[in-house]
Amino acid sequence: MTYSWFSRIILLGYKKPLEREDLFELNESDSSYIVCPIFEKQWRKEVLRNQERQEIKASFHKEARARKPSLLYALWNTFKFVLIQVALFKVFADILSFTSPLIMKQMIIFCEHRQDFGWRGYGYALALFVVVFLQTLILQQYQRFNMLTSAKIKTAVIGLIYKKALLLSNVSRKRFSTGEVINLMSADAQQLMDLTANLNLLWSAPLQILMAVSLLWQELGPAVLAGTAVLVLVIPINALVATRVKKLKKSQTKNKDKQIKLLNEILHGIKILKLYAWEPSYKKKIVEIREQELEVQKSAGYLAVFSMLTLTCIPFLVSLATFGIYFLLDEGNFLTATKVFTSMSLFNILKLPLFDLPMVISAVVQTRISLGRLEDFLNTEELLPQNIETNYIGDHAIGFTNASFSWDKTGIPVLKNLNIKIPEGALVAVIGQVGSGKSSVLSAMLGEMEKLTGVVQRKGSVAYVAQQAWIQNCILQENILFGSTMQKQFYEQVLEACALLPDLEQLPNGDQTEIGERGVNISGGQKHRVSLARAVYSRADIYLLDDPFSAVDVHIGKQLFEKVIGSSGILKNKTRVLVTHNLTLLPQMDLIVVMESGRVAQMGTYQELLSKTRNLTHLLQAFSEQEKAHALKRVSVINSRTILKDQILEQNDRPSLDQGKQFSMKKEKIPIGGVKFSIILKYLQAFGWLWVWLSVASYVGQNLVGIGQNLWLSAWAKEAKHMNEFTEWKQIRSNKLNIYGLLGLMQGFFVCSGAYILTRGSLAASRTLYAQLLDNVLHLPLQFFETSPIGQIINRFTKRYYVASSRQIRRLAGASRSPIISHFSETLSGVSTIRAFGHEQRFIQQNKEVVNENLVCFYNNVISNRWLSVRLEFLGNLMVFFAALLAVLAGSSIDSALVGLSISYALNITQSLNFWVRKACEIETNAVSIERVCEYENMGKEAPWIMSRRPPAQWPNKGIVEFINYQARYRDDLGLALQDITFQTHGEEKIGIVGRTGAGKSTLSNCLFRIVERSGGKIIIDGIDISTIGLHDLRGKLNIIPQDPVLFSGTLQMNLDPLDKYSDCQLWEVLELCHLKEFVQSLPKKLLHEISEGGENLSVGQRQLVCLARALLRKTKILILDEATASIDFETDNLVQTTVRKEFSDCTILTIAHRLHSIIDSDRVLVLDSGRITEFGTPQNLIRQKGLFFEMLTEAGITQDSVTK
């Protein structure tokens, strides 16, 4: 009960910074592994009970109002026994708190009558010590179990939120964005925890008020009714305040959701923001939401000022009214020391419940809102199992019969009247143009779409490779195994088949290398191959492959098909459904499904389609002619008909290891030692020095007045026994009461002023520190975001001991929250893959693990608080004992009024000592939050956005790009990624940039945008060294169509033109050029069509076309194409290439590793190898040289033997 067992941690923390392994583990019954399943069981029971209630109501009332299952009932049924145990601790602690004033009363009476036996005084002193010590032990047990129970409730709710997130239908996922789900987990679950920690005050506060009033009646008689009347008058005021707080909480919650949602999207799309110089625009959006949030906080702060005023004035008004009426009831009533100090002790006890009750009422109001939000989420629509029949045992692996699908039950059908039968072991291709419904067909096979009509059947287990590869933040081996047991021989076979063995040689730790969030430290091709390897290793019955070759180069794509998917591959006996743009693979297919506008346009074998329909023949001929036209236009020696139709050089977002970009994710930095004074000073500066000194003055004032009140009462009580000796004793008594009242009003003024000053200063500090944090984050280089989990960053924006130990435990707890957020975010982005593999339970278990780690740190933090409190309160208890003992020893030499004053202060000092030492520690431990906010301030930033030297408004007007002896590296301790790069483009020239994986192609484009800064040499664009101007002056004058099509939630118009610079006519014009006009016109809201988070309600190809439209709007003199058409079909690619050539005919275009016909069509080709230029010239000359470029063409199946066929 004294927590001596925790002293080992305190001592260890004093000697060295604590680490996670040093902390005490939880009891098994308190862990998330036990708590979450028990609560989920009770929630299921509540859902079933609710369904039964609704059915009964429906039988009596045709229009019975639907009632949701109650989260509160489920929580009560789970935790009721421990909550009752906690309540019993609170009852005993409250009873003991009222025992102390009664013993003190007997002590004062003893001192007034010294003729009593001396042993009685010693007995009172000992009894007082025993009572306050018992109160300490019981109260600390109450606090321990109370805080742990509240944390368990939060853990249980987080577990249920996570499980629900894995079951959401597409409609629900659209309704609840990733940011909103994270907010439910971090804010609303926390609100439940906070209320639980104070829940007992709902009955304890009225009980304490009732006990205090009844004991005051014994001292002052009916006069106490006057004080009670004051308390009753305050109730409506508190009700009004609570109502207002409820409204503010709703507004605050909405603003918080908006903020986290936008912040989450900004961090995911930070590369686009930097490339387009959009940081100020999105910073403005965040700040606008933050200002709305601060306005709500300001209103809440002013309500807090009012609450503090009532808190201070109510006890004073109660005592003033009580004493005043006491005098009026009987002129012979005097305030003796016994009455004064017994009453004041009871009034002091009364302060706490009077303060707590409005706070708890407010918390109840806020929690009702959080409960409503949580219940809305937990009762929202789930993915229906009946969308697909998975226990099918017929002849086909997959079967559709008159099946139509939509993304929501009430929506327009996306897929219509599908009739497809896929035999077991068949290899099936799904082809069609952008937006034709290819990926939707796979989603329907997974059961991810709402079935409107018909029958869908699937037999056996499924593995899924998404079009946008989903990679986990864990080691590469775990990404491939994906929860399966290691079978070394098969594992090696999978690595070899998926062409990953050469990559393992480059990675720092082979397959033990940690892969960052979203796979940021591996290339796009590597992501897809890891994703494919994960599917292959699962040994599933059915493989659904959504364009897995779009980001791999030619020879690797050929190897993947031959060794994995094709008739001789690992999966040769499996059912394989392949969405592809590679039409040359069609002859090898057992079945081909041609999609058009959500319908099956044609279906059959390759030969059947060729013989029976013109559609496929036309498509193949059109594609062949397209390739031929492009190739022959510039290179007459190449017969384009031999070109494989989807030759794509692998995206190279990252160079190879020797060029320095293979990195591991940063573990969250946990500082050690004391918080620097500079951190606290920074907060005070943000708070404002004027407000700091005013708050100090108000605090000193209120304490001086409080001391004055007590001294005045002591002097009054001392004179009371001599009052009859004064002829004007009534006037003297009245004057003393008036002065007491004046002192109370002064204290109220100082408290009110202090609360107002703290509100203003806190808002100023919050605004300043948030703005600095946001500014610092947006100025950090791109590599920081690629190496830092997003959960860590968001955790900074959503923000106790002794002292060294508690501070470090708090840091560990803070760091342990980030993995919870990261895991949530990662799961939500890959939920389709997780569900496809059927691994929901494994991820639920992982969530329990990360939540449990946070719970362990929280538990140790709670125990460290209790350890300190027991020792501090024991010191205070000793002071009470010695104050009483000295009063007995002093005999008649001390007045009873001073005895009462000294014991009253001793009783208060226990609370005050505990309070102030705790606050001193909290200042330092809470400064950890400021420390975490300020952490990014000292990190290396990008160059300034705007510098004193600015380029002319029309720059660049020629488009001449010149690299002179240029060198670049990603970090100072790594080798050069680019070495001695020297070349110059002509104005309006079209340059193709090619090279094998890791050659440095994308590094070159990153250097143009100064995403990577130079280590030597320089880049000159139209006569200006780009290192001498600001980043936004540079990036704002360049144009890029990136490989990853990033869209933000909001309207289509906002995604095209976030700066609101262009007219609607201009927007429609570029949409037409991008072949999106017809699609957008078909949307109900046209340009105001709402894009869901990440653009998920558009196909990947459509997203890429939107990115093209962005570029057409900007239309600068220099354009970089970075794998810009990897996600679109060849017919659309042809249209896009035509548009680019026409609309950017007067621009310099740098095309990075695009489809081969685009490279061949260039004026000149730049060939990179290991960060150096190996060849640079026209395609014709490079082919004649038979160097690296010629080798790459040969590997692609392009030979000189096919010149004149």
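The shown structure was predicted, so the numbers you read here are calculated from the model rather than taken from an experiment.

Describing the overall build of the protein chain
Next up, step 1: On a plain count of helices and strands, the protein chain comes out with 38 helices and 21 strands.
Next up, step 2: Residue burial in the protein chain is summarised as follows: out of 1205 residues, 59% are buried.
Next up, step 3: Surface exposure of the protein chain reaches about 48,400 Å², of which carbon and sulfur atoms provide 57%.

Looking at the sheet that holds strand β11 (residues 978–984)
What links the strands of a sheet is backbone hydrogen bonding, and the strands pair in either a parallel or an antiparallel sense.
Next up, step 1: The strand order β11-β10-β13-β14 describes an open sheet built from 4 strands, whose pairing is antiparallel. Pairing within the sheet leaves two strands with one partner each, and these edge strands are β11 and β14 (1024–1025).
Next up, step 2: Alignment of strand β10 (residues 961–968) against strand β13 (residues 1014–1021), held across 6 bridges, turns out to be antiparallel. Within the sheet, the bridge partner assigned to Gln967 lies in β13 and is Gly1016.

Notes on the pairing of strand β1 (residues 396–406)
Next up, step 1: In terms of residue burial, β1 counts as a mostly covered element, since 8 of its 11 residues are buried.
Next up, step 2: As defined by bridge partners, β1 adjoins strand β2 (residues 415–423) across 6 bridges and the pair is classed as antiparallel. Looking at β2, one finds that Phe400 is bridged to Ile420.
Next up, step 3: Looking at chain direction, β1 and strand β4 (residues 450–458) are connected through 7 bridges and run antiparallel. Paired with Phe405 across the bridge in β4 is Lys451.

Brief notes about a nonpolar patch on the surface
Next up, step 1: A grouping of Trp689, Trp693, Val696, Tyr699, Val700 and Leu704 is seen on the molecular surface, where their side chains present a nonpolar patch of about 600 Å² in accessible area.
Next up, step 2: Mapped onto the elements, Trp689 comes out in helix α21 (residues 689–720).

A few points about the packing of aromatic side chains
Next up, step 1: Counted by the stated rule, this structure contains 29 aromatic pairs.
Next up, step 2: Arranged with centres 6.5 Å apart and planes meeting at 35 degrees, the rings of Trp278 and Tyr282 form a pair that is tilted. The same class applies to Trp278 as to Tyr282, namely buried.
Next up, step 3: Ring pairing ties together the aromatic residues Phe129, Phe133, Phe874, Phe881 and Phe882, which thus form one cluster.
Next up, step 4: Over the ring of Phe145 we find Arg144; its NZ or CZ atom is 5.3 Å from the centre of that ring.
Next up, step 5: Against the face of Phe482 rests Arg842, its NZ or CZ located 4.6 Å from the ring centre.

Details of helix α32 (residues 1064–1073)
Next up, step 1: Within the sequence span of α32, burial applies to Leu1067, Val1070 and Leu1071. In an axial view of α32, the angular spread of the buried residues amounts to 105 degrees, which keeps them on one side of the axis.
Next up, step 2: Buried residues belonging to α32 abut α31 (1052–1056), α33 (1077–1081) and α34 (1100–1114).
Next up, step 3: One or two residues past the end of α32 sits His1075, with phi positive at roughly 65 degrees.

Remarks on the environment of Gly754
Next up, step 1: When you line up the elements, Gly754 lands in helix α22 (residues 729–779).
Next up, step 2: Here the alpha-carbon distance between Gly754 and Val305, two residues 449 residues apart in the chain, equals 8.5 Å.

Remarks on empty space enclosed by the protein
Next up, step 1: For the second largest cavity, the calculated volume is near 60 Å³.
Next up, step 2: Every residue lining the second largest cavity is listed: Phe341, Met344, Ser345, Asn348, Asn710, Leu901, Ser904, Tyr905 and Asn908.
Next up, step 3: Going through the elements one at a time, α11 (337–378) and α28 (896–934) are the ones with two or more residues in the lining of the second largest cavity.
Next up, step 4: Here the residues of the lining of the second largest cavity are counted per class, giving 4 nonpolar, 5 polar and no charged.

A closer look at the nonpolar core
Next up, step 1: The biggest cluster of nonpolar side chains holds 121 residues, and the ones touching the most others in it are Leu71, Phe400 and Leu544.
Next up, step 2: Of the residues forming this core, the biggest block, 8 residues, is contributed by helix α4 (residues 118–165).
Next up, step 3: Summarising the domain contributions, this core has at least three residues from each of domain 1 (203–379 + 673–800) and domain 2 (396–625).
Next up, step 4: Every residue in contact with Leu544, bar those within four places of it in the chain, is listed here: Ile398, Leu442, Met445, Leu446, Val462, Ala463, Tyr464, Val465 and Val577.
Next up, step 5: In this structure, Trp955, Tyr966, Ala999 and Ile1040 belong to the second largest nonpolar core, which totals 67 residues.

Some words on the sheet that holds β4
Next up, step 1: With antiparallel pairing, the 3 strands of this open sheet are ordered in space as β2-β1-β4. The open sheet has two edge strands with one neighbour each: β2 and β4. Put simply, the sheet's adjacent strands are angled 0 degrees from each other on average, direction ignored.
Next up, step 2: Across the sheet, helix α12 (residues 438–446) lies against β1, β2 and β4, angled at about 110 degrees from β1, the strand it touches most.

Examining the packing of helix α3 (residues 71–112) against helix α27 (residues 840–890)
Next up, step 1: Packing of α3 against α27 leaves a shortest axis separation of 10 Å and a crossing angle of 15 degrees. For the element pair α3 / α27, the angle class is roughly parallel. Considering only the axes of α3 and α27, their crossing is left-handed. Only Ala884, Ala887 and Val888 of α27 make contact with α3, whose side of the interface consists of Met107, Phe110 and Cys111.
Next up, step 2: Partitioned by chemical class, the residues of the contact of α3 with α27 number 6 nonpolar, no polar and no charged.

Some details on the pairing of strand β19 (residues 1148–1152)
Remember that side chains alternate between the two faces of the sheet whenever the strand is regular.
Next up, step 1: Summarising burial for β19: 5 of the 5 residues are buried, a large majority.
Next up, step 2: Burial along β19 is two-sided: Thr1148, Leu1150 and Ile1152 facing one way and Ile1149 and Thr1151 facing the other are all buried.
Next up, step 3: Where strand β18 (residues 1118–1122) and β19 come together, 5 bridges link them in parallel fashion. Of the residues in β19, the one forming a bridge with Leu1119 is Ile1149.

Here's the deal with the pattern of salt bridges
Next up, step 1: What the rule picks out here adds up to 30 salt bridges.
Next up, step 2: With a shortest N-O distance of 2.5 Å, Lys105 and Glu219 are connected by a salt bridge. Here Glu219 lies in helix α7 (residues 201–220) and Lys105 lies in helix α3, a separation of 114 residues in the sequence. Both residues of the pair, Lys105 and Glu219, belong to the buried class.

As for a positive patch on the surface
Next up, step 1: A contiguous patch of positive charge on the surface is contributed by Lys250, Lys254, Lys258 and Arg368.
Next up, step 2: With 3 residues, helix α8 (residues 224–268) is the single largest residue contributor to the positive patch.
Next up, step 3: Tracing the chain through its elements places Lys254 in helix α8.

Here's the deal with α34
Next up, step 1: When the terminal C-alpha atoms of α34 are compared, their 22 Å separation across 15 residues agrees well with the 21 Å that a helix rising 1.5 Å per residue should span.
Next up, step 2: Among the 15 residues in α34, 15 count as buried, and that is most of the element.
Next up, step 3: Taken from the residues just after α34, Lys1115 is the one with a positive phi, measuring 35 degrees.

Section: unusual backbone geometry
Next up, step 1: A cis amide bond links Trp955 with the next residue in sequence, Pro956, at an omega value of -10 degrees.
Next up, step 2: Locating Pro956 in the fold gives a position in the loop between α28 and β10.
Next up, step 3: Positive phi outside glycine occurs at Ser597, with the angle close to 55 degrees.
Next up, step 4: In this fold, Ser597 is placed in the loop between β8 (591–596) and β9 (599–604).
Next up, step 5: With phi around 50 degrees, Asp1022 is a residue other than glycine that occupies positive phi space.

Considering the side chain of Thr513
Next up, step 1: Its place among the elements puts Thr513 in the loop between α15 (501–506) and α16 (524–537).
Next up, step 2: Polar side-chain contacts of Thr513 include one of 2.8 Å to the backbone nitrogen of Asn509.
Next up, step 3: Dropping the residues within four chain positions of it, Thr513 is found in contact with Cys474, Ile475, Leu476, Leu507 and Pro508.

Looking at the packing of α3 against α7
Next up, step 1: Interhelical geometry of α3 versus α7 gives an angle of 20 degrees and a closest axis separation of 11 Å. It follows that α3 is roughly parallel to α7 by the angle criterion. Once α3 is placed against α7, the crossing between them reads as right-handed. Across the interface between the two elements, Ala87, Lys90, Val91, Asp94, Ile95, Phe98, Leu102 and Lys105 of α3 pack against Leu201, Trp203, Ser204, Gln208, Met211, Ala212, Leu215 and Glu219 of α7.
Next up, step 2: Of the residues belonging to the contact of α3 with α7, the class tally is 10 nonpolar, 2 polar and 4 charged.

Regarding the confidence of the model for the protein chain
Next up, step 1: Overall, the prediction assigns the protein chain a mean pLDDT of 81, with 85% of residues at 70 or greater.
Next up, step 2: In this model, residues 622–663 is a region of pLDDT below 50 whose contacts with residues beyond four sequence positions or in other chains number 152 contacts.
Next up, step 3: The low-confidence segment residues 1201–1205 (pLDDT under 50) makes 7 contacts with residues lying over four places distant or belonging to another chain.

Procedures and definitions
Residues numbered from 1 in each chain as written. Predicted model: local features only at pLDDT ≥ 70, side-chain atom pairs only at ≥ 80, totals over all residues. Heavy atoms only, no water. Helix = DSSP H or I, 4+ residues; strand = E, 2+ residues; numbered from the N terminus. Buried < 20%, exposed > 50% of the residue type's maximum accessible area, 1.4 Å probe, protein only. Areas by Shrake-Rupley, 256 points an atom, 1.4 Å probe, with all protein chains shown as cover. Pairing = 2+ DSSP bridges. Patch = residues over 30% accessible without salt bridge, like charges linked within 9 Å, V, L, I, M, F, W, Y side chains within 5 Å. Salt bridge = Lys/Arg side-chain N within 4 Å of Asp/Glu carboxyl O. Phe/Tyr/Trp six-rings, centres within 6.5 Å; stacked < 30°, edge-to-face > 60°. Lys NZ or Arg CZ within 6 Å of the ring centre and 35° of its normal. Arc of directions from axis to C-beta. Contact = heavy atoms within 4.5 Å. 1 Å grid on protein atoms, 1.4 Å probe; cavity = no way out; pocket = protein on both sides within 12 Å on 5 of 7 lines; lining within 4 Å. Points joined across faces, edges and corners; volume = space filled by probe spheres on them. Nonpolar A, V, L, I, M, F, W, Y, C, P; charged D, E, K, R; others polar. Core = buried A, V, L, I, M, F, W, Y, C linked by side-chain atoms within 4.5 Å. Domains from an automatic or database assignment. Axes fitted to C-alpha atoms, helices over the stretch in contact; angles between N-to-C directions. Parallel < 35°, antiparallel > 145°, perpendicular 65-115°, else oblique. Left-handed = near helix turned anticlockwise from the far one by under 90°. Lys, Arg positive; Asp, Glu negative; His and termini not counted. Charge placed at Lys NZ, Arg CZ, Asp CG, Glu CD. Expected span 1.5 Å × (residues − 1). Polar contact = N/O pair within 3.5 Å; in protein donor to acceptor, adjacent residues only side chain to side chain. pLDDT = per-residue confidence, 0-100.

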